Amino acid sequence: MTNLVIIGSDVYARRVIKCIEALIKSGEEISIKGIVDNIEEKTEIKGYKILDKIENASLYNDEDTSFIIAIKNNKTRQEISDKFKEFDYYTIIHPKAKIGKNVSIGKGSIIMDEAVINDNTKIGNYVIVNHGCIIDEEVIVEDYVNLLQSTALGKQVKVDSLTKIGRDVLVIAKISIGKKSIVKNASIVIEDVGDNCIMEGTPAKIIKKL
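First, a word on what this report is: a plain description of the structure on this page. Sequence order as written defines the numbering, with residues in each chain counted from 1. The predicted nature of this model means local features are confined to residues of pLDDT at least 70 and side-chain atom pairs, given and counted, to a pLDDT of 80 or more, with totals for whole chains, interfaces and linings taken over all residues. Hydrogens and water are ignored here; the side-chain numbers use all heavy atoms of the structure.

With that settled, the discussion passes to a nonpolar patch on the surface. What goes into a patch is any residue over 30% in relative accessible area without a salt bridge, connected to like charges within 9 Å or, for nonpolar side chains (Val, Leu, Ile, Met, Phe, Trp, Tyr), within 5 Å. The protein chains shown are the only cover counted for residues, whose accessible areas, like all others here, come from Shrake-Rupley with a 1.4 Å probe. Salt-bridge detection follows one rule: a side-chain nitrogen of Lys or Arg within 4 Å of a carboxyl oxygen of Asp or Glu. Together, L170, I172, I188 and I190 make up an exposed nonpolar region whose accessible area comes to about 280 Å². Here a strand is any run of E in DSSP of at least two residues, a helix any run of H or I of at least four, and the numbering for each starts at the N terminus. Among the structural elements, I190 can be located in the loop between β22 (188–189) and β23 (197–201). Residue classification places I190 among the partly exposed residues on the basis of a relative accessible area of 42%. Type-normalised accessible area, obtained with a 1.4 Å probe on protein chains alone, sets the label of each residue: buried when under 20%, exposed when over 50%, and partly exposed for intermediate values.

Looking now at helix α2 (residues 74–83). The α-helix winds at 3.6 residues per turn, so residues separated by three or four positions along the chain end up facing the same way. Burial in α2 covers these residues: N74, R77, I80 and S81. Projected down its long axis, α2 shows its buried positions confined to an angular sector of 130 degrees, all on one face. The outward face of α2, more than 90 degrees from its buried face, is lined by the exposed residues K75 and K83. Note on definitions: a residue-residue contact is assigned when non-hydrogen atoms from the two residues lie within 4.5 Å. Check the buried side of α2 and you find it contacts β1 (2–7), β5 (65–69), β12 (128–129), β15 (146–147) and β18 (164–165). Distance and chemistry together define a polar contact, namely a pair of N or O atoms within 3.5 Å, with one atom able to donate a hydrogen and the other to accept it when in protein, and with adjacent residues in sequence counting only for side-chain atoms on both sides. Where α2 begins, the side chain of N73 points an oxygen toward the backbone nitrogen of K75, at a separation of 3.1 Å. The arc refers to the directions leading from the helix axis to the C-beta atoms.

What follows concerns the environment of K158. For K158, the position within the fold is in strand β17 (residues 158–159). A C-alpha to C-alpha distance of 14 Å links K158 and S104, two positions 54 residues apart in sequence. Aside from chain neighbours lying at most four places away, what touches K158 is I140, E142, I175, S176 and I177.

With that out of the way, let us pick up the sheet that holds strand β2 (residues 30–36). For two strands to pair, DSSP has to find at least two bridges joining them. If you walk across this open sheet you meet the 5 strands as β3-β4-β2-β1-β5, and the pairing is mixed. In the strand order of this sheet, the two ends are held by β3 (44–45) and β5, each with one partner. Looking at chain direction, β3 and strand β4 (residues 48–52) are connected through 2 bridges and run antiparallel. Considered in β4, the bridge of I45 is made with Y48.

What follows concerns the pattern of salt bridges. Under the criterion given, the structure shown has 4 salt bridges. Put simply, E40 and K53 hold a salt bridge, and the shortest N to O gap is 3.7 Å. Here the residue E40 occupies a position in the loop between β2 and β3, and K53 occupies one in the loop between β4 and β5, the gap between them amounting to 13 residues.

Strand order in the open sheet formed by 8 strands is β6-β9-β12-β15-β18-β21-β23-β24, and the pairing between neighbours is mixed. The open sheet has two edge strands with one neighbour each: β6 (92–93) and β24 (204–209).

Let's shift gears to the environment of K53. Under the relative-accessibility criterion, K53 is labelled partly exposed at 35%. Aside from chain neighbours lying at most four places away, what touches K53 is V36, D37, N38 and E40.

Before going further, it helps to examine the pairing of β24. Pairing between β23 and β24: 5 bridges, direction antiparallel. When the bridges of β24 are listed, I198 appears paired with K208. Hairpin geometry of β23 and β24 is characterised by an intervening segment of 2 residues between the two adjacent antiparallel strands.

Here we take up the packing of aromatic side chains. Two rings from Phe, Tyr or Trp (for Trp, the six-membered ring) form a pair when their centres are within 6.5 Å of each other. A pair whose planes differ by under 30 degrees is stacked, one over 60 is edge-to-face, and the rest are tilted. Summed over the entire model, instances satisfying the criterion amount to 5 aromatic pairs. Taking 4.7 Å as the distance between ring centres and 5 degrees as the angle between the ring planes, the aromatic pair formed by F84 and F87 counts as stacked. Of the residues examined, F84 reaches a relative accessible area of 3% and is grouped as buried. Centre to centre, the rings of Y126 and Y144 are 5.2 Å apart; their planes meet at 10 degrees, and the pair counts as stacked. Of this pair, Y126 sits in the loop between β11 (122–123) and β12 while Y144 sits in the loop between β14 (140–141) and β15; the two residues are 18 residues apart in sequence, bridging distant segments of the chain. Here the aromatic residues F67, F84, F87, Y89, Y126 and Y144 are joined through ring pairs into a cluster of three or more.

Structural data, given as structure tokens:
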């Protein structure tokens, strides 16, 4: 039995808890030990105790415990994983997600319900693939990426680290998206995107450089 400590307690953390509960119901041998977060006005979330502040997370690290960073901000996930490199990070794959052949999914990543990841695709560490996302074959999604609900990535797309792809976005085949970029909701990406860009529209255009 693996005991899970969830880092974070906002709305996204509640979605992660639902994923874990679905895994437990499906027979996966895990349990929720509790939550660490810097929130002060609450003592529990969805019936699970807030154990301590994030900076004290090491107090709950033992051989039977794994951690999940349930925080949607890419940079914050990176900062936490860098601070607590010694932790074992659990990978969450919802039982209703569909995973193809020869797919690799890195540590600490979270694959939500109804997500589809097709063959020969690589998902990095600490990636969030939200509800209803469709990822085609031979796609590379690097570390700390957040794909919001119902995003679709075409065949051989590459998304570099710390990038956020908004809800209902379509990225056509063979497109590359650089580091620390943002694609806004409902955009269609038909050309490569560099680092540190904010893209929006159909087709998506650069509206700002970060």
